[in-house]
Amino acid sequence: MDSVRLAVFSILISGSWCSVTKDLKFPEWFKFGAATAAYQVEGGWNSSDKGENTWDRLFHSNPEFSSQDNGDVACDSYHLWRRDIEMAEELGLDIYRFSLSWARLLPNGFANKISEDGKRYYNNLIDGLLEKGIEPVVTLYHFDLPQILQDLGGWANPLISDWFADYARVAFTLFGDRVKTWLTINEPLGFCDTGYSKQQAPYIDGEVIAKYLCNKYTLISHAKAWRIYDEEFRPRYHGKVSLATIFNWYEPATPEDKEITDLMREYWEGRFAYPIFSKEGGWPPTLEKFMADKSKQEGYSRSRLPPLTAEEIELIRGTYDFYGLNHYLSRRIRKARPGEKIGTWPLYGSDEINIQMESDPSWETTGLDWFPINPAGLRKQLHWLNQTYGVNEVMITENGYLDLDKHLDDTARIKYMRDYLEQIQLAIADGINVTAYMAWSLMDNLEWLGGYGASFGLYQVDFTDDNRTRTPRESARYYSRVTRTRSLHHDHEGLNYV
Ligand code: BGC
């Protein structure tokens, strides 16, 4: 038994999920990264021939959202991409995850017109990263739909899967020779459930129906893009494609809440992942029945969870090369009490499945009641994924600490990163093939409707400065030592994270 396995073995026999181990080293093949998304950092909202997207429209047409806090300039990465690469290099990253703006590359949403400037921008970024030995990880879609497609029904229109497939083919054709890791869609829950409950663009009140149409057509869009890569590009480029799913750790508040927690997992993650990652494909069976019964009780003539035909099940099933996991926090789940006011989905509870989400008093907090910190939850989550789907490889595509105080001395973020990374080391030692970690985020950026008030960045960005000056936080210094030493437990310039 090597030293890593020995350390973990002793933890397992002591029965603890959260013991601190010393001297574990990340394997050489493990990749450290950081992530951003186009609308949150690029700015240049109307530079050159870029088309309008749903976030441009939402911010510009709703006076209730502060005019300062939109993505018109954001971190200005459209102009400052060289500095972004420099930061990735300073951090010692192996990989950098960013997303393409669909409306920047295809100004009118369709593949008949490709923007020369859009193409140049992404080529510069990709080539600049590669020159520094940093691999690009590219997300095709991170919440910013061309408005023209939204006007045609967006993700609730079945035709979107063809529009998305065309867009994916353009991106694979233009960049596939250099980009070897692709994420088709970031967090469908993050725009289907919230976009149709007026929490995110397209900011529509879609009752319960729209989010499930969006749910189904994101799955089909993802599957078509994966198959295009598999058939037309993989033989030449040998890359990997998956999607990024948000999946925090959910555990029952009491033993009686186990069943409802299982349903909650199907409701949160299974709707977006089970059809792709499970052996049998299709909707998660318990949820499918639950939604059919509930729809009937409420007088609908068909289930709100639209059926998947046998052909669709086969189209979607197995369309992955790894599991892309966005993971931030843990929650306890319990059945709502009769008459109790249920918190808003997806942060506090769900009326639809009658649950409340809570924190465990033993978990630390970021200061936000919906964001408790429980690093051991990540390792449990990885075990759950392994047992449920038996996935071959997991990449942590996002994980990060939300700070309301935007100071440079972010000791709490360092502790968060150290503790979550440690759980990844332990999971690797348990035999789970976790191959990458992408910190959210490289720098402070537009937190969607939350604006610029909170920070996730390893680099602080001064949004009052026209130059959008980026300054490394203590966490950036810490992470750069982690990437270089491949170890967590060193004395960080007196901060003593040993
Ligand atoms: C999203 C990011 C977002 C982050 C922090 C993730 O769910 O992919 O766009 O900024 O969470 O809220």
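The sections below set out a description of the structure shown in this document. Nothing here was measured: the structure is a model prediction, and the numbers come from that model.

**Considering the sheet that holds strand E3 (residues 135-141)**
Read around the closed barrel, the eight strands follow the order E1-E2-E3-E4-E5-E7-E13-E14; overall the barrel is parallel. Across the sheet, the mean angle from the axis of one strand to that of its neighbour is 25°, orientation sign disregarded. Two elements, strand E1 (residues 31-35) and strand E14 (residues 434-440), share five bridges in a ladder whose sense is parallel. Note that in E14 the partner of Ala35 across the bridge is Trp440. Helix H15 (residues 411-429) rests against E1, strand E13 (394-399) and E14 of the sheet, and its axis sits at about 170° to E14.

**Thoughts on the site of the ligand**
Close contacts around the ligand come from Gln40, His142, Asn186, Glu187, Tyr328, Glu398, Trp440, Glu447, Trp448 and Phe456, and that covers them all. A distance of 2.5 Å separates an oxygen atom of the ligand from a polar atom in the side chain of Glu447. The contact in question runs from an oxygen atom of the ligand to an N or O atom on the side chain of Trp448, over 2.9 Å. Isolated, the ligand exposes 310 Å² of accessible area, and the fraction of that covered by the protein chains is 88%. When atoms are counted within 2 Å of each cavity's grid points, the one that captures over half of the ligand is the largest pocket. By residue class, the composition of the shell around the ligand is four nonpolar, three polar and three charged.

**Concerning the pattern of salt bridges**
Under the criterion given, the structure shown has 44 salt bridges. The salt bridge partner of Asp177 is Arg178, with a shortest N-O separation of 3.0 Å. Among the residues examined, Asp177 registers a relative accessible area of 40% and is labelled partly exposed. The residue Glu340 makes a salt bridge to Arg334 at a minimum N-O spacing of 2.7 Å. Using a relative accessible area of 24% as the deciding quantity, one classes Glu340 as partly exposed. Through salt bridges with shared partners, a single ionic network connects Asp193, Lys211, Arg271, Lys294, Glu298, Arg304 and Glu352.

**Let's talk about helix H3 (residues 54-61)**
Listing the buried residues of H3 in full gives Thr54, Trp55, Asp56, Leu58 and Phe59. Contact partners of the buried residues in H3: helix H2 (38-41) and helix H7 (147-150). Where H3 begins, the side chain of Asn53 points an oxygen toward the backbone nitrogen of Trp55, at a separation of 3.0 Å.

**With respect to the layout of surface pockets**
When its volume is computed, the largest pocket comes out at roughly 800 Å³. Along the walls of the largest pocket sit 32 residues, with Gln200, Leu347, Trp370, Glu447 and Trp448 positioned nearest its centre.

**Things to note about the packing of aromatic side chains**
As enumerated under the stated definition, the model contains 49 aromatic pairs in all. Between Phe247 and Tyr250 the ring centres are 6.5 Å apart and the planes differ by 40°, which places this aromatic pair in the tilted class. Here Phe247 matches Tyr250 in class, with each residue buried. Lying across the ring of Tyr267, Arg271 places its NZ or CZ 4.7 Å from the centre.

**Notes on the sheet that holds strand E6 (residues 249-252)**
Strand order in this open sheet of four strands is E6-E8-E10-E9, and the pairing throughout is mixed. Looking at strand neighbours, the two that pair on one side only are E6 and strand E9 (349-350), the edges of this open sheet. In this sheet, strand E8 (residues 330-335) lies alongside E6 in parallel orientation, the contact comprising four bridges. If you follow Tyr250 over to E8, its bridge partner there is Arg331.

**Things to note about the pairing of E14**
The buried count for E14 comes to seven of seven residues, which makes it a mostly enclosed element. Alignment of E13 against E14, held across four bridges, turns out to be parallel. The partner of Ile396 across the bridge, within E14, is Tyr437. The β-α-β motif built from E13, the intervening H15 and the parallel element E14 has right-handed crossover chirality.

**Points about unusual backbone geometry**
In most cases, non-glycine residues show a negative phi, while peptide bonds are predominantly trans. For the bond from Trp345 to Pro346, the omega torsion is 5°, close enough to zero to count as cis. As for its placement among the helices and strands, Pro346 is situated in the loop between E8 and E9. Backbone geometry places Ser48, a non-glycine residue, at a positive phi of 50°. Within the secondary structure, Ser48 is located in the loop between H2 and H3. Its relative accessible area of 45% is what places Ser48 among the partly exposed residues. At Lys198, a residue that is not glycine, the phi angle is positive and equals roughly 55°. Looking at where Lys198 falls in the secondary structure, it is placed in the loop between helix H9 (188-192) and helix H10 (209-237).

The rules behind each value
- Residues numbered from 1 in each chain as written.
- Predicted model: local features only at pLDDT ≥ 70, side-chain atom pairs only at ≥ 80, totals over all residues.
- Heavy atoms only, no water.
- Pairing = 2+ DSSP bridges.
- Helix = DSSP H or I, 4+ residues; strand = E, 2+ residues; numbered from the N terminus.
- Axes fitted to C-alpha atoms, helices over the stretch in contact; angles between N-to-C directions.
- Contact = heavy atoms within 4.5 Å.
- Near = heavy atom within 4 Å.
- Polar contact = N/O pair within 3.5 Å; in protein donor to acceptor, adjacent residues only side chain to side chain.
- Areas by Shrake-Rupley, 256 points an atom, 1.4 Å probe, with all protein chains shown as cover.
- 1 Å grid on protein atoms, 1.4 Å probe; cavity = no way out; pocket = protein on both sides within 12 Å on 5 of 7 lines; lining within 4 Å.
- Sits in = over half its atoms within 2 Å of the grid points.
- Nonpolar A, V, L, I, M, F, W, Y, C, P; charged D, E, K, R; others polar.
- Salt bridge = Lys/Arg side-chain N within 4 Å of Asp/Glu carboxyl O.
- Buried < 20%, exposed > 50% of the residue type's maximum accessible area, 1.4 Å probe, protein only.
- Points joined across faces, edges and corners; volume = space filled by probe spheres on them.
- Phe/Tyr/Trp six-rings, centres within 6.5 Å; stacked < 30°, edge-to-face > 60°.
- Lys NZ or Arg CZ within 6 Å of the ring centre and 35° of its normal.
- Right-handed = clockwise from strand over helix to strand, strands pointing away.

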